[in-house]
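Residue-level structural notes
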Amino acid sequence: MPQLVTLKIKRPGHRTIRLWIPVLLAVVLLSPVLLLALIGGVIACLVFHMRVFATVAGVGRFIGALPGSRFDIEQGRTALLLIIR
């Protein structure tokens, strides 16, 4: 599971914004929303005739593979860098 997400936003004429977000703290604070998302996902699996446990396992594997990922996004003169550790 990822431990830390670093977000860096560069905008011309503005200061660079850097945020360090601990994943465990974010999960604890957002747990009510995550529980609703899980229930919605289970309902969606049942509606579209997907295997619930296989889908949850696939999402778990995806989250487990995220550490070490780096996403660079540029739109015009604004740049966003997202690093997952």
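Residues numbered from 1 in each chain as written. Predicted model: local features only at pLDDT ≥ 70, side-chain atom pairs only at ≥ 80, totals over all residues. Heavy atoms only, no water.

Inspection of every chain in the model, using the stated rule, returns one salt bridge. Measuring nitrogen to oxygen at the nearest pair gives 3.4 Å for the salt bridge that ties aspartate 72 to arginine 70. The exposure class of arginine 70 is exposed, given its relative accessible area of 53%. (Salt bridge = Lys/Arg side-chain N within 4 Å of Asp/Glu carboxyl O. Buried < 20%, exposed > 50% of the residue type's maximum accessible area, 1.4 Å probe, protein only.)

Let's shift gears to helix H2 (residues 31-47). Between the first and last C-alpha of H2 there are 24 Å, a value that for 17 residues agrees with the 24 Å anticipated at 1.5 Å per step. Positive phi appears at histidine 49, one or two residues downstream of H2, with a value of about 55°. (Helix = DSSP H or I, 4+ residues; strand = E, 2+ residues; numbered from the N terminus. Expected span 1.5 Å × (residues − 1).)

Taken in spatial order, the four strands line up as S2-S1-S4-S3 in an open sheet, and their pairing is antiparallel. The sheet is open, and its two borders are formed by strand S2 (17-22) and strand S3 (70-75), each paired with just one other strand. Strand-to-strand, the axes of this sheet are offset by a mean angle of 10°, without reference to chain direction. In this sheet, strand S4 (residues 78-84) lies alongside S3 in antiparallel orientation, the contact comprising six bridges. Of the residues in S4, the one forming a bridge with isoleucine 73 is leucine 80. (Pairing = 2+ DSSP bridges. Axes fitted to C-alpha atoms, helices over the stretch in contact; angles between N-to-C directions.)

All right, on to the environment of phenylalanine 53 then. If you trace the backbone, phenylalanine 53 turns up in helix H3 (residues 52-64). In this structure phenylalanine 53 comes out as exposed when scored by relative accessible area, which is 75%. Along the backbone, phenylalanine 53 and valine 42 are eleven residues apart, and their C-alpha atoms lie at a distance of 9.1 Å.

So, on to the pairing of S2. Pairing between strand S1 (residues 4-10) and S2: six bridges, direction antiparallel. By the bridge assignment for S2, leucine 4 is matched with proline 22. Counted between consecutive antiparallel strands, the loop separating S1 from S2 contains six residues, among which glycine 13 sits at a positive phi close to 85°.

Bear in mind that shape data such as this cannot, by itself, settle questions of function.
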